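What follows is each chain in one-letter form.
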Amino acid sequence: MSEATHPNKTPTRPDFATVVELLKPVTWLAPTWAFFCGVVSAGVVPSGWQWLMAAAGVMLAGLVCGTSQAINDWFDRHVDAINEPHRPIPSGRMPGKWGLYIAIICSVLALVIAAILGPIVFAAAVVAVALAWVYSAPPFRLKRNGWISAGVVGLSYEGLPWITGAAIMTAAGAIPDWRIFAAALLYSLGAHGIMVLNDFKAVEGDRQMGLKTVPVQLGTSLAAKVACATMIVPQLVVIGLLLSWDQGWHAVGVSVLLGVQMGLMVKLLKDPKGYAAWYSFVGVTPYILGMLITALAIGSIVGGGA
């Protein structure tokens, strides 16, 4: 009889569905969107082989994100056994060291794909994969400090994919325009605030486990104010840059979207713990739309040879 006919038998290897669950494809939206913004900001209309390169880049952005999820779940398996025992590793559906093996395989595969796509893409992938490991793995385990961990995630989910997308559309070996790097960095800084709000969902558990997230360190009220300021200030800088680049209508668009965010923040600040998850769902939409408008502005400059 096959292993599947023995429901109580511990599996020796995970099935495909469990591997997919470990890699959490739902979390890939943020880096793939940032990658798309990078492609747009390069100011190049893809043609021929560039479509294949772009498709490979999307796969790379998702794979790196999935790799980070696998790494995190492996090194958090003991905590998850208490808080979220249904997850693939603590539930036993991902037996033995398969979680670690998958994290290593995905890391290598991501670097191989990145190397094929060019030196700038490879460099960005090296940084992203390295951050994924030091974020969760001892002795570094950067996630223990919320200030550092939120910055690492913001850079990995927004900045590096953006630069990767632009690099793939840029001439082989060439470094993307400096304005692309500026936008990628600023939106990475803004994402720090988004990541801080994400930590509101487990304040008590993080406090008990000794994880010094920003809400644990500052309290939910002050942490929410810091998160809002961290999201607002980089976008104000983006607006200023757009105006200095004679992209007035794009600056207006980002300003309107920032105004929407600030309106939603009023509700968030009334009850940070109660509305943090709500804002992460509703408030992030105008943020990422602003990313696209900024990318379109830069693309029009770079594509026009300015």
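Computed from a predicted structure; not experimentally measured.

(A) Inspection of the overall build of the protein at higher detail. Secondary structure summary: the protein contains 15 helices and zero strands in total. Counting only C-alpha atoms, the protein reaches 70 × 50 × 35 Å along its principal axes. Among the 306 residues that make up the protein, the fraction classed as buried is 49%. Restricting the contact set of the protein to residue pairs at least 6 apart, pairs at least 24 apart contribute 73%. When the accessible surface of the protein is totalled, it reaches about 14300 Å², and 71% of it is carbon and sulfur. Across the protein, the 18 positively charged side chains and the 14 negatively charged ones have centroids separated by 5 Å.

(B) Looking closely at the packing of aromatic side chains. With the rule as written, the count across this model stands at eight aromatic pairs. Ring geometry for Trp-33 against Phe-36: centres 5.8 Å apart, planes inclined by 50°, an arrangement best described as tilted. With Trp-33 and Phe-36 both in helix 2 (residues 29-41) and three residues apart, the pair spans about one turn of that helix. A relative accessible area of 40% places Phe-36 in the partly exposed class. Ring centres of Tyr-187 and Tyr-287 lie 5.4 Å apart, and the angle between their planes is 80°; on these two criteria the pair is classed as edge-to-face. Here Tyr-287 lies in helix 15 (residues 284-303) and Tyr-187 lies in helix 9 (residues 178-198), a separation of 100 residues in the sequence. Residue Tyr-187 is classed as buried on the basis of its relative accessible area of 1%. Judged by relative accessible area, Tyr-287 falls into the buried class, the value being 1%. Here the aromatic cluster, defined as three or more aromatic residues joined through ring pairs, consists of Trp-162, Tyr-187 and Tyr-287.

(C) How the structure looks around a nonpolar patch on the surface. Residues Ile-104, Val-108, Val-112 and Ile-116 make up a contiguous nonpolar surface patch of about 370 Å² in total accessible area. Note on Val-108: relative accessible area 48%, which makes it partly exposed.

(D) How the structure looks around the UniProt feature "transmembrane region" (unreviewed entry) in the protein. Under the present numbering, the feature "transmembrane region" (unreviewed entry) in UniProt falls on residues 26-45, 52-71, 101-134, 146-172, 178-197, 218-243, 249-269 and 276-302. Here residues 101-134 is 97% helix and 0% strand, with 17 Å between the C-alpha atoms at its ends. What you have in residues 249-269 is 100% helix and 0% strand, and the ends, taken at the C-alpha atoms, are 30 Å apart.

(E) Region of interest: the domain arrangement of the protein. Split into domains, the protein comes out as domain 1 (13-175) and domain 2 (177-305). Here the C-alpha centroids of domain 1 and domain 2 sit 21 Å apart. At the interface, 25 residues of domain 1 touch 28 residues of domain 2. Interface area for domain 1 against domain 2, summed over the two sides, is near 2400 Å², with a carbon-plus-sulfur share of 77%. Across the domain 1-domain 2 interface, the total number found is zero salt bridges. Inspection of the domain 1/domain 2 interface yields six residue pairs in polar contact (both at pLDDT 80 or more).

Rules behind the numbers
- Residues numbered from 1 in each chain as written.
- Predicted model: local features only at pLDDT ≥ 70, side-chain atom pairs only at ≥ 80, totals over all residues.
- Heavy atoms only, no water.
- Helix = DSSP H or I, 4+ residues; strand = E, 2+ residues; numbered from the N terminus.
- Buried < 20%, exposed > 50% of the residue type's maximum accessible area, 1.4 Å probe, protein only.
- Contact = heavy atoms within 4.5 Å.
- Areas by Shrake-Rupley, 256 points an atom, 1.4 Å probe, with all protein chains shown as cover.
- Lys, Arg positive; Asp, Glu negative; His and termini not counted.
- Charge placed at Lys NZ, Arg CZ, Asp CG, Glu CD.
- Phe/Tyr/Trp six-rings, centres within 6.5 Å; stacked < 30°, edge-to-face > 60°.
- Patch = residues over 30% accessible without salt bridge, like charges linked within 9 Å, V, L, I, M, F, W, Y side chains within 5 Å.
- Salt bridge = Lys/Arg side-chain N within 4 Å of Asp/Glu carboxyl O.
- UniProt positions renumbered as here; feature names shortened; annotations may be inferred.
- Domains from an automatic or database assignment.
- Buried area = accessible area lost by both parts, 1.4 Å probe.
- Polar contact = N/O pair within 3.5 Å; in protein donor to acceptor, adjacent residues only side chain to side chain.

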